[in-house]
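Listed below are the residues making up each chain.
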Protein chains: 2
Amino acid sequence: MKHTYLIIFTLFYSLSFMAEAEDGSSLWLRQSKSGETRVYSSKSSPTIALAEKELKRSFRGAPVVLKRQKCKDLKADGYSIKFVDDKYILTSTTDNGLLYAAYHLIRQQSTSCSVRSDKTIIENPAYNLRLLNHWDNPDGTIERGYAGSSLWQWDDLPLVISDRYEEYARANASIGINGTVLNNVNASPDILSSEYLIKVKTLADIFRPYGIKTYLSVNFATPMILGGLDTADPLDKEVEKWWKNKAKEIYKLIPDFGGFLVKANSEGQPGPCDFDRTHAEGANMLADALKPYNGIVMWRAFVYNPEDADRAKQAYLEFQPLDGKFRDNVIVQIKNGPVDFQPREPYSPLFGSMPRSKTMVEFQITQEYLGFSNHLAFLAPMWKEFFDFVPAESLEAIAGVANIGTDTNWCGHHFAQSNWYAFGRLAWNPELSSEEIAREWLSQTFTADKNFVDPIASIMAESREAVVDYMMPLGLHHLFAWGHHYGPEPWCDVEGARPDWMPSYYHKASDNGIGFNRSSTGSNAVAQYPETLKNLYDNVDTCPDEYILWFHNVSWDHKMQSGRTLWGELCYRYDRGVQTTRHFQREWDRVEMYVDSERFKEVQNKLRIQTRDAVWWKDACLQYFGQFSNKPIPYDIERPVLNLDNMMNFKIDITNYECPPCGYSN
Amino acid sequence: MKHTYLIIFTLFYSLSFMAEAEDGSSLWLRQSKSGETRVYSSKSSPTIALAEKELKRSFRGAPVVLKRQKCKDLKADGYSIKFVDDKYILTSTTDNGLLYAAYHLIRQQSTSCSVRSDKTIIENPAYNLRLLNHWDNPDGTIERGYAGSSLWQWDDLPLVISDRYEEYARANASIGINGTVLNNVNASPDILSSEYLIKVKTLADIFRPYGIKTYLSVNFATPMILGGLDTADPLDKEVEKWWKNKAKEIYKLIPDFGGFLVKANSEGQPGPCDFDRTHAEGANMLADALKPYNGIVMWRAFVYNPEDADRAKQAYLEFQPLDGKFRDNVIVQIKNGPVDFQPREPYSPLFGSMPRSKTMVEFQITQEYLGFSNHLAFLAPMWKEFFDFVPAESLEAIAGVANIGTDTNWCGHHFAQSNWYAFGRLAWNPELSSEEIAREWLSQTFTADKNFVDPIASIMAESREAVVDYMMPLGLHHLFAWGHHYGPEPWCDVEGARPDWMPSYYHKASDNGIGFNRSSTGSNAVAQYPETLKNLYDNVDTCPDEYILWFHNVSWDHKMQSGRTLWGELCYRYDRGVQTTRHFQREWDRVEMYVDSERFKEVQNKLRIQTRDAVWWKDACLQYFGQFSNKPIPYDIERPVLNLDNMMNFKIDITNYECPPCGYSN
């Protein structure tokens, strides 16, 4: 009998311990469930009920009052918080605003910031549309997803509901994300079938109380493939009608459906140009179909084709002339840089060049070009860098390509969660500093202990620059391997392949130098930038180091601002990247006592992979380019340990939705 | 017609260029063939003819006179060199001595040392017997050989004669080696068959003019296996007779045959103990058979068995009581250390413990425990360390287990040639410093340019200590992988295996500490050493760092002479090993301009492997032992990049005669 009790006790103890185990599944929402706070609301709604529930679950402190009321200082979703008469008064004009205010209060508590001040906090989002783009396919794979499979269990929907759907919505709401595009921009037409729309409706119903609208990527040829029409010409009446009917069907199921995201005439996708129509004509036709329901069209400007001489110029050349031709419910969605989510690019000159059109930026949260879910790369500094050039207020909206999957910790790398978090926070307020965001996230996700937060926030701050250093410093870009974007292949040469998919197209290394001449003596891409920047970038002596090989083909002996030759500087930067990753390892090892052992070891392992990969990148690129520079790697730099021949014969056999478990080495 | 000339010219040019290509095949004998020196000899013989040929081929300078005559200052093989009346006078009592003198003169020239002085050079060898032991098998494999296959083409002999036979003899003669044991101590009885003896005779005839005698390893059970006897009991008359007849047969073919080397009752080999006879009785029986012909027996003291508590004590326990019982043509051949050619061992206490017996040392030139032919480890400092404890004059002879095979560069690693060279030079003169030998070898093998020799001699000087550091510092030993002795497996645990073949037998790591207690409170192996050393080693506070874990099980917190804890010191030493290999890479890269590109790249590649392997050793051992020390690796030390789990699951699938092409990583 005693024995039985013991077993039951042990079982209970184990279960409760397991519930507390830290596997990253709770993200930054790890607040203990000991909240005893009283919460009062002036109104009731499913969203307000969620706000109450969150506060009761997690907030420890004075009573909270939720007030939904008009207030001239508050835009939609905005809120205020003040502390009056020993109570927190949370005010918003919308239910969503109250939910955001509740998360604000909980976040303040977790980050050990006091909110008991006389000052009223007023928060308004910078953008009304703060969206995640999922590149998820109906078969469960995620293009450029490195954290398991798609969250959306299409086969089980609408009957079986995964717990993750609501957890996903809650996580997004907690950082202000209010829209989600469920499926890949390389879209399957099936997503608009009646069968799938029922499934989409089910998800939309779960997301709605969290203030999240649902959107879909659509295939421009859907009327042909799914509708059986002969054409998808946007000026064809039957096509227009097909889309109008489809919109009607969607809105009947999902009255607050957000709209469509479209990748057209890009990388083999169908589009209006197939029927000699412009992007504007295509976008407007869809916009007209959605207009009656207040739906929008986000039309991607990511287009390029292999015949043109400079890929970096093409989106501008194709879209800028269309300025002013788009409906007011069309937003042109532009990637931050003119090529494709490289570790560093100058901003896309299309921003600021379409004053009579609505534009939005597309960031990539998933680390397609920054080490997948193996490398620690905090991306807020990269996005902040973008906002240094493109005023936040010039944009209509903001989207981020998600890094979320079925992995226990959602993102593959525990620190990749910080990029999901940072995207949400910056979408709400692009004025936040990278450091503030890193510290907020660390405090909630691990511990607010200063001895932990200080050094690790510092790692995060340096991490994106480290990736630039060990992968592609000084404006180099697209040196990635054929078939995936993980490892280095500056030598890549695939017979018959698109020239603009070859690294040599971008680096143009020769005995004379290295870099893409986009100056006025070259492709003249500089001319797409405003005069001041154009002049700065056009001159090799004034062009910042960060972009020098983006805009110029520079001789190996060119004297850099550091006093080093270009070759010396290149070597120095690659090595600095390696030494920085070693530094990250050291700093992480030092904080072992502040972190649960499961997450400590998982991050430790990833940092080891990152160092090994940094060495791989450095050894590959410096030895490959050294064949052109004909100069030794300066002797104060850590020597290569890998042989070029071996690296050139090494292939990682992975698909577009896998993260290699260990990089180059065992 | 013109075209044809061009082709012929090009072909000629290419061929002559190829002849000059540096692939390491010429060893340290790369002197140009431009010698025009006149040579005069007082006598003629095949050996003197060789001396003349070598001088004419390689010496550039004043005429040389070769004089064979008695001289009271000269022992057998000794020689004098003086410069009189614008001529070099080379004098020796033997033809071999004149050949050695010729090589001396050529070496002086290559190392840029002047011999034009008034001082007469007198050289006498420290040992009359300076032998290589080949562990070559009849099937062409070489046990612990990492440089290709056996030089001896048994199937082709005696009809087909490889050029390498004479090149081998020449190389040995040039450094004073005067004996070779052709076959593995784990000997095939076949070697004594009439069929094989004809082959052996053919080799002996080639080696003879170079002053090299031929020896064979014999299997003690040969009379049973080859002779059909029922026993190999050394006191059996038929057995005695069998051996006497065999000796007679051998000497009829090879009148100057050197004798036998025997591994008996060791690691499964047959021996006199199988018949309840002692090692002395076995050795003496063979010695009696060889005595009429002045042949000798070298009887190995490398014995141990798994039942005893401390393998390091066993050779002493078994052989010391036999002191004085051996015939005067028996030499007991003892490995330098009491266990087995580890990167560092204290000397074997058997040396100095058998004053009434002839003893000789067995060094291992092949790097069975020092990184095979992948790692640069110059072994002269290790052998010199031995002579610091064991007076050279207390030994009768010296043997080295060869590192030579069919590889183009003979030894697998270009720098492994230096160990063959150093062995020969030290066998002649143990007083030579490691540095002198390194500089001599570098000057002849690469270039005498000071800018090359200074830094690379420095690398060589540090290299063995570096291996100790990154493999087994502080007296640790035998942490090697099961199945080969290349990589680390301190965790190795093979069910049913001999306990004394398990690393844990040697390191005895636990939460309390690490190391083998051989002090008076443990196995008391210290008691086998002379009183002064015994007292020094027995006390953990006076025992030198180098041997501390050899003689003591030391607590992790023990304060070392550096002020660090044992754990801290262990980490520091492993890391120092890694940093030193990185330093080697840097120094080698710096001298690229002084080295032909073929050998430069081959050595560069090997140094890369060595650094990767050093990291592997450090990461494996520190993380494995860290599980016992329960302390972090000090944070000023380069962090591990490999995971213990992965390393524990990694196996290199190689035989005992293969060098893994790339170590742990790709």
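Calculation notes
- Residues numbered from 1 in each chain as written.
- Chains lettered and ligands numbered in written order.
- Predicted model: local features only at pLDDT ≥ 70, side-chain atom pairs only at ≥ 80, totals over all residues.
- Heavy atoms only, no water.
- Helix = DSSP H or I, 4+ residues; strand = E, 2+ residues; numbered from the N terminus.
- Buried < 20%, exposed > 50% of the residue type's maximum accessible area, 1.4 Å probe, protein only.
- Contact = heavy atoms within 4.5 Å.
- Pairing = 2+ DSSP bridges.
- Axes fitted to C-alpha atoms, helices over the stretch in contact; angles between N-to-C directions.
- Parallel < 35°, antiparallel > 145°, perpendicular 65-115°, else oblique.
- Left-handed = near helix turned anticlockwise from the far one by under 90°.
- Nonpolar A, V, L, I, M, F, W, Y, C, P; charged D, E, K, R; others polar.

A. Expanded view of the overall build of chain A. Assigned secondary structure in chain A consists of 19 helices and 13 strands. When its C-alpha atoms are laid out on the principal axes, chain A stretches across 75 × 70 × 55 Å. A total of 666 residues make up chain A; the buried ones form 62% of that total. Within chain A, contacts between residues at least 6 apart in sequence are counted, and of these 72% link residues at least 24 apart.

B. View of the sheet that holds strand β5 (residues 121-123) of chain B. All names here are of chain B. Ordered in space as β1-β2-β4-β3-β5, the five strands form an open sheet in which the pairing is mixed. Looking at the sheet topology across the chains shown, the edges are occupied by β1 (39-41) and β5. Along the sheet, successive strands turn relative to each other by an average axial angle of 15°, direction set aside. Bridge analysis of strand β3 (residues 79-84) against strand β4 (residues 87-92) gives five bridges, and the strand direction is antiparallel. Counted as the bridge partner of K82 is I89 from β4.

C. Inspection of the sheet that holds strand β4 (residues 87-92) of chain A at higher detail. Residues and elements named next belong to chain A. The sheet built from five strands is open, its strands ordered β1-β2-β4-β3-β5 with mixed pairing. With one partner strand each, in any of the chains shown, β1 (39-41) and β5 (121-123) form the two edges of the open sheet. Adjacent strand axes in the sheet meet at a mean angle of 15°, parallel and antiparallel pairs treated alike. Bridge analysis of β1 against strand β2 (residues 64-68) gives three bridges, and the strand direction is parallel. The residue of β2 that forms the bridge with V39 is V64.

D. Representation of the packing of helix α4 (residues 163-174) of chain A against helix α5 (residues 194-207) of chain A in the model. All names here are of chain A. At a closest axis distance of 9 Å, the pairing of α4 and α5 adopts a crossing angle of 50°. By the angle class used here, α4 and α5 are oblique. Between α4 and α5 the crossing geometry is right-handed. From α4, Y165, E166, Y168 and A169 reach across to α5, where they touch L203, I206 and F207. In the contact of α4 with α5, the residues fall into six nonpolar, no polar and one charged.

E. Region of interest: unusual backbone geometry. Residue and element names in this part refer to chain A. At the junction of L157 and P158, the peptide bond is cis and its omega measures out at 0° in the coordinates. Looking at where P158 falls in the secondary structure, it is placed in the loop between β6 (130-133) and α4. Phi is positive for E267, close to 50°, though the residue is something other than glycine. Of note, E267 is situated in the loop between β9 (259-262) and α8 (279-290). We classify E267 as partly exposed; its relative accessible area is 32%. Phi at K508 is positive, roughly 45°, even though this residue is not glycine. As for its position among the elements, K508 is in the loop between α14 (503-507) and α15 (531-538).

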